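Coordinates in review
Listed below are the residues making up each chain.
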Amino acid sequence: MIHAQKSTAKFNGDAAYRLTEQFLAVAPHRWMGSPGHAKAEQFIRDHFKEEAAKGHFEADTFTANTPVGMYPMTNFIVKYPGKKDGIIVIASHYETNYWLRNINFVGANDGACTSALLMELGNYLRTHPPQGYSVWLVFDDGEESINEQWSDSEALYGTRHLAAKWSQDGTLGNIKAFMVADMIGAKDLNVNRDDFSTPWLLDLLKTAAKNTGHSSYIFKNETAVTDDHIPFRKRGVPVLDLVDITYGPPTEQRPEGSYHHTAMDTLDKLSPHSLQVSGDLFIEMIRLIDQR
Ligand SMILES: [Zn+2]
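So, here is what we can say about the structure in this document. Note that the coordinates shown come from a computational prediction; the quantities given were computed from them, not determined experimentally.

Cut-offs applied
Residues numbered from 1 in each chain as written. Predicted model: local features only at pLDDT ≥ 70, side-chain atom pairs only at ≥ 80, totals over all residues. Heavy atoms only, no water. Phe/Tyr/Trp six-rings, centres within 6.5 Å; stacked < 30°, edge-to-face > 60°. Helix = DSSP H or I, 4+ residues; strand = E, 2+ residues; numbered from the N terminus. Buried < 20%, exposed > 50% of the residue type's maximum accessible area, 1.4 Å probe, protein only. Lys NZ or Arg CZ within 6 Å of the ring centre and 35° of its normal. Contact = heavy atoms within 4.5 Å. Axes fitted to C-alpha atoms, helices over the stretch in contact; angles between N-to-C directions. Left-handed = near helix turned anticlockwise from the far one by under 90°. Nonpolar A, V, L, I, M, F, W, Y, C, P; charged D, E, K, R; others polar.

A separate point is the packing of aromatic side chains. Here the distance between the centres and the angle between the planes together describe a pair of aromatic rings. The final tally for this structure, using the stated rule, is 10 aromatic pairs. Relative to W166, the ring of W136 has its centre 5.4 Å away and its plane inclined at 65°; by these criteria the two rings are edge-to-face. Remark: W166 occurs in helix α5 (residues 157-168) and W136 occurs in strand β4 (residues 133-140); sequence separation between them is 30 residues. Exposure class is identical for W136 and W166. Each is buried. Taken together, F48, F57, F76, Y94 and F139 form an aromatic cluster joined through their ring pairs. The ring of W136 is capped by K79, whose NZ or CZ atom sits 4.3 Å from the centre of that ring.

Given below as structure tokens:
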């Protein structure tokens with residue numbers, strides 16, 4: 001018997017994994033100014049044609065003044081209107097490091113899988129429109145530092161630009177939470193307790209993990225990570241970074257793991273199950289923030 005019913009499909013970790021695979025096949029190398037970067041942009045645009053047709057897709061292009069020259073960068077913002085005033089933002093960077101352009105670095109965990117996670121969240125939000133606050137997905141550019149040595153003034157270009165823009169146009173005051181997804185697709189996923197995140201959002205993440213049965217996947221390690229949430233934190237927005245910086249077997253030189261920012265950050269290190277856990281956490285976070 002066929003009868004119309006509301007879709008009850010969950011966020012699909014397998015679909016997020018397949019999207020990661022496709023994104024990596026189309027745009028394995030995504031540093032600023034490269035042909036692969038343009039392909040990554042097109043992949044994101046193609047995924048959200050339905051939202052673009054409704055006027056809910058925005059490309060925020062700007063010129064970044066980097067130590068190696070002026071480069072165009074683009075943030076993409078996909079909007080799912082809700083029923084009450086206020087916005088929940090979920091962001092991921094999609095580019096790869098300029099300084100890793102000469103090795104075969106693809107950033108499967110670092111940029112690709114979280115972009116795919118957001119695309120699958122988009123699929124979910126299409127069939128489950130927000131009943132509370134609006135949800136905006138942000139694919140931000142220029143998160144990574146230009147040089148190997150991290151410098152705050154030579155990284156986070158996209159989110160610094162967006163935080164300043166949204167401060168000027170008044171959007172910032174409407175943001176209830178700005179959440180970041182970064183490096184949360186690895187097989188041994190454990191989301192860090194990030195000290196730069198807002199305490200009530202960390203508390204809520206603990207509740208979200210409990211409610212979804214994922215408590216064993218969070219807070220094994222405590223860190224304070226400079227990531228895309230920082231420009232918003234500096235402007236007083238409640239922020240939460242879902243990040244797992246431990247990646248691969250630790251070595252003396254790399255106690256956080258040997259895969260981060262190396263050619264070993266590849267698809268085979270990820271799992272659909274970890275993407276399922278991360279997706280479940282974001283969807284439960286949306287529900288809990290709505291109720292607050
Ligand atoms: Zn990185």
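On to the environment of L270, then. Relative to the assigned elements, L270 resides in the loop between β8 (239-243) and α8 (272-291). Distance from L270 to L242, taken between C-alpha atoms, is 16 Å for residues 28 residues apart in sequence. Dropping the residues within four chain positions of it, L270 is found in contact with Y17, T20, A108, N109, C113, G185, A186, K187 and Y247.

Here we take up the packing of helix α1 (residues 13-26) against α8. Where α1 contacts α8, the two axes come as close as 7 Å, and the packing angle between them is 115°. Where α1 crosses over α8, the handedness of that crossing is right-handed. In this structure, α1 uses G13, D14, A16, Y17 and T20 to contact α8, whose residues at the interface are P272, L275 and Q276. In the contact of α1 with α8, the residues fall into 4 nonpolar, 3 polar and 1 charged.

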